[in-house]
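# Report on the structure
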Amino acid sequence: MSSVLNAADLLHFVASRIEVGILAVDREMRIVVWNRFLEAHSGQSAKDVVGRLLFDAFPELPRAWLERKIKGVIVLKNFAFTSWRQRPYLFKFRHHRPITGGIDVMRQDCTFLPVMGADGEVSAVCITILDATETCLYQKKLEDALAIIAEQSVRDPLTGVYNRRKLDEQLRSEVSRAARYERPLSLIMLDIDHFKRVNDGFGHPGGDEVIRHVAKLVSACVRDSDAVGRYGGEEFVIILPEVPAAGALVVAERIRACVAASPVIFKQTSIAVTVSLGVAENGKSSRSPETLLGEADEALYASKENGRNRVTLRQPARQTPRDATSGSEC
Amino acid sequence: MTLEILNADQKDALQEISNIAMGTAAAGLAKVLESFVRLSVPRITIVETSRIADRLAASLPPHREVSAVRQAFYGPVEGEVVVVFGEDGCNELADLLAHDGDAGAVKEELLLDVSNILIGACINGIAHQLATELSFSPPEILCTAVPLEQVFAGHQPTCEQALLIEIDFSMEARSFACHMLTFLAPDSFGELRSSLSRFLESI
C-alpha cells in the first residue's frame, strides 16, 4: 500500500489552509511565510508581501514594540506570546461578525516561535495569530452581566437609591474614615409622614409612587458625595461625609421644604406629602454606626412627636433634642 | 518525615544547572530590555504546597500586595510555573520599561513578558542541560495587587510539594525580588530525577 500524499505536502497544505494566521520573518524582518488566513483577512496576497520587509509592507504595525518582541525571541531562543486581553490585536483585521457587534477589530492571541537554524541560532521567527474575538465577546458579556449584578445588589429596586445592605456598608466605612482622619460626618434619617393614610387612600401603587417621588426629590437635594438609601418601608437615610451638623441641618431643611412643595400626582389626583427628619452628627467622640443611626432615629422621633413636617438635630453634647427643633408650622 | 523529591546530589545538580540557566537569562534579558539586569543565584528549595504562602511571606516585606503570573510547560517533564512579584516591583518594572499606551494594560503585558522571559530562560535552560525540549503555554495573569495569601485562593495546587526557585532581580539602580514557584506534575518527578542522574553521570 502506498500513500499518494507525502507528509510534508500535507503539512504544507494544513499550514496554508488552517483557520489560524501563520507568518514568518527572517532575522532581517523580511516576510518568508504568509498563509491563506492572512491573505484573506489582510487583502494582501503572499505574492505581494513575501520577500518584503514586514514594516514596509505593514507600516501601521506598532514597530518599536514588535521589533523588540521579535528581537527577544531571536536573542533568547524562546517563545513569546501576546494576548488580546492586554494587546487587542497585532494586525487590524475585521472579524466578519456583523451581527455580534460591539467589537470592531478581530481580537488576536499571538504566539512567536523561534525557528532554529542548523547553526544553533534562530533563523526565523514564526508568528501564529488566533482569532480570539469569540472569547472576547463572551468575556464582554460576562463582564456586562457581572456589572449589572453588582449594581443590582446595592440598589433598592423600587427607587433606585441604595438598599439597606449598601447603606450599612457605606455607613460603616464612612464612620471609620471620619474617625481615622478626624473629619465631620452627619446622618439624616427621614420618614414619610402619615404614609399609612396614603396606602389606605390610594392603595399600594399610590404608596409606591409616593416613595419613588420622595426618593427622587431627596436625591436631587444632596451632593454626589452623599449617599442616599432606603432604610425600610418609607424610611430613608442620607449619609453626608465631610458635613458638620449645621450643614446637615441646611440639607435636611431643603429636603423638607422641597417635599412639602411638590405634591405627587397619582392617577390625576394630587397627593400632598410631607416628611419628618432627624439629624445626627458623628462629633468629636466618634460613634459606632449603630449609635449614630440610633441618634438620628431619636431626632426623627422628636420631629414626629412635635407635629411632623420638621427637622430635629440630635445634639452630640447631651443636649435634649427639643432644644434644636426647627421647622415650619405650615 | 517528609518525602524528598530529590536527593542531595540531585538537588546540587539542579542548583548548578539553574545557576548556568540564570546566567544566560540575565544576558538575554539585558539585551531585550535594553537595561542592565542582574539576576541572583537562584535559591532552590522544596516546599510543601500548603506552606507556600508562609514561605513567601518570609521573603516579602509585611502587608505587601503581590501580582502573579502563571505559565504551563509540557514535554517529557510537565508542570506549571507561578512568578510572584511584589506590587512595588511591578510598578518599578512598569516605570522602567513602559513606553506607551494605557498604563494598566502595559503593566500586565510587561509582567507577562518578563515572566515569560524568566520562565523560558530558567526552564528552557534546565531542559537544555538535561538534553530535553519543552513547549510552553501562553502566560496568564493569575492575580494583580492582592494580599499574598490570596494568590492561590480558589487554585489549590494538586501536588503536595513544589520546587521554589527564588531569584532576586535588579535593573539599573533598582532592585526587587520575584519568586518563581515551579509545580511539577507528580508524574514528572521520576523523569526529573532520572534526567538529573544522567546529567550527574555525564559530568
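Just so it is clear, the structure is predicted and the values come from calculations on it, not from any experiment. (Residues numbered from 1 in each chain as written. Chains lettered and ligands numbered in written order. Predicted model: local features only at pLDDT ≥ 70, side-chain atom pairs only at ≥ 80, totals over all residues. Heavy atoms only, no water.)

### A word on the overall build of chain A
When you go through chain A residue by residue, the secondary structure sums to 10 helices and 13 strands. Relative to its length of 330 residues, chain A is extended, with a C-alpha radius of gyration of 34 Å against a globular reference of 20 Å. Across its three principal axes, chain A shows a C-alpha extent of roughly 100 × 50 × 40 Å. Burial status across chain A gives 46% buried among its 330 residues. Pairs at least 24 apart in sequence give 58% of the contacts found in chain A among residues at least 6 apart. A total accessible area of about 17400 Å² is found for chain A, and carbon and sulfur atoms account for 54% of it. Averaged over its 44 positive side-chain charges, chain A has a centre that lies 1 Å from the centre of its 42 negative ones. (Helix = DSSP H or I, 4+ residues; strand = E, 2+ residues; numbered from the N terminus. Rg over C-alpha atoms; globule rule 2.2 N^0.38 Å. Buried < 20%, exposed > 50% of the residue type's maximum accessible area, 1.4 Å probe, protein only. Contact = heavy atoms within 4.5 Å. Areas by Shrake-Rupley, 256 points an atom, 1.4 Å probe, with all protein chains shown as cover. Lys, Arg positive; Asp, Glu negative; His and termini not counted. Charge placed at Lys NZ, Arg CZ, Asp CG, Glu CD.)

### Description of the overall build of chain B
Looking only at helices and strands, chain B features 5 helices and 8 strands. N-terminal to C-terminal, the α/β element order of chain B is α-β-β-α-β-β-α-α-β-β-β-β-α. Here the analysis covers contacts within chain B between residues at least 6 apart in sequence; of these, 74% occur between residues at least 24 apart.

### Notes on the sheet that holds strand 5 (residues 122–131) of chain A
Residue and element names in this part refer to chain A. Taken in spatial order, the 5 strands make up an open sheet running 2-1-5-4-3, and their pairing is antiparallel. The open sheet has two edge strands, strand 2 (31–34) and strand 3 (80–82), and neither has a second partner. Averaged over all neighbouring strand pairs, the angle between strand axes comes to 15°, with direction disregarded. Pairing between strand 1 (residues 21–26) and strand 2: 3 bridges, direction antiparallel. Across the sheet, V25 pairs through a bridge with I31, a residue of strand 2. (Pairing = 2+ DSSP bridges. Axes fitted to C-alpha atoms, helices over the stretch in contact; angles between N-to-C directions.)

### Describing the environment of L23 of chain A
Residue and element names in this part refer to chain A. Looking at the secondary structure, you find L23 in strand 1. The exposure class assigned to L23 is buried, which follows from its relative accessible area of 0%. Between the alpha carbons of L23 and F37 there is a distance of 9.8 Å; along the sequence they are 14 residues apart.

### Considerations on unusual backbone geometry
All names here are of chain A. Although it is not a glycine, K267 adopts a positive phi angle of roughly 45°. Examined against the element boundaries, K267 turns out to sit in the loop between strand 9 (264–266) and strand 10 (269–271). Taking the relative accessible area as the measure of exposure, K267 reaches 65% and is therefore exposed. With a phi angle near 60°, Q268 is a residue other than glycine that sits in the positive phi range.

### Concerning the packing of aromatic side chains
Residues and elements named next belong to chain A. One pass over the structure, following the stated rule, counts 7 aromatic pairs over all chains. Measuring from centroid to centroid gives 6.4 Å for F202 and F266, while their planes differ by 90°, and the two rings are edge-to-face. Of this pair, F202 sits in helix 8 (residues 195–221) while F266 is found in strand 9, placing the two residues 64 residues apart along the sequence. On the accessibility criterion, F202 (30% relative accessible area) is partly exposed. F266 gets classed as buried once you look at its relative accessible area, which sits at 12%. Joined through ring pairs, the aromatic side chains of W34, F58, F91 and F93 make up one cluster. (Phe/Tyr/Trp six-rings, centres within 6.5 Å; stacked < 30°, edge-to-face > 60°.)

### Here's the deal with the interface of chain A and chain B
Each side of the interface is counted separately: chain A has 14 residues, and chain B has 25 residues. Among the residues of chain A in contact with chain B, R68, F81 and Q86 of chain A are the three that bury the most area, contributing 43% of the side total. The partner of K69 of chain A in a salt bridge is D113 of chain B, with the nearest N and O atoms 2.5 Å apart. Among the elements of the structure, helix 5 (63–76) and strand 3 of chain A are those that each provide at least two residues to the side of chain A that touches chain B. (Buried area = accessible area lost by both parts, 1.4 Å probe. Salt bridge = Lys/Arg side-chain N within 4 Å of Asp/Glu carboxyl O.)

### Focus: the side chain of S303 of chain A
Among the secondary structure elements, S303 of chain A is positioned in helix 10 (residues 289–305). With sequence-adjacent residues up to four places away left out, S303 of chain A is seen in contact with S276, L277, R308, R310, V311 and T312 of chain A.

### Side note on the domain arrangement of chain A
The domain architecture assigned to chain A consists of domain 1 (7–140) and domain 2 (154–325). On a C-alpha basis, the centres of domain 1 of chain A and domain 2 of chain A stand 60 Å from each other. (Domains from an automatic or database assignment.)

### Topic: the nonpolar core
Of all hydrophobic cores here, the largest spans 52 residues; its most connected members are L39 and F169 of chain B. The dominant element in this core, judged by the number of residues it contributes, is helix 4 (residues 103–129) of chain B, at 11 residues. One finds A248, V259, F266 and V279 of chain A within the second-largest nonpolar core, a separate group that totals 34 residues. (Core = buried A, V, L, I, M, F, W, Y, C linked by side-chain atoms within 4.5 Å.)

### Some remarks on the pairing of strand 1 of chain A
All names here are of chain A. Of all 6 residues making up strand 1, 5 are buried, and the element is well covered by its neighbours. Across 6 bridges, strand 1 lies against strand 5 in antiparallel orientation. Bridge assignment links I22 to a residue of strand 5, and that residue is T128. What sits between the antiparallel neighbours strand 1 and strand 2 is a turn of 4 residues, in which M29 has the positive phi angle 70°.

### Overview of the pattern of salt bridges
Following the criterion strictly, the structure yields 22 salt bridges over all chains and no others. When the shortest N-O distance is used, the salt bridge between K196 of chain A and D200 of chain A registers 3.1 Å. Linking K196 of chain A with D200 of chain A, this pair stays in helix 8, spanning 4 residues, or about one helical turn. In this structure, R70 of chain B engages E80 of chain B in a salt bridge whose closest nitrogen and oxygen atoms are separated by 2.7 Å. One end of the pair, R70 of chain B, is in strand 3 (residues 65–74); the other, E80 of chain B, is in strand 4 (residues 79–86), with 10 residues separating them in the sequence.

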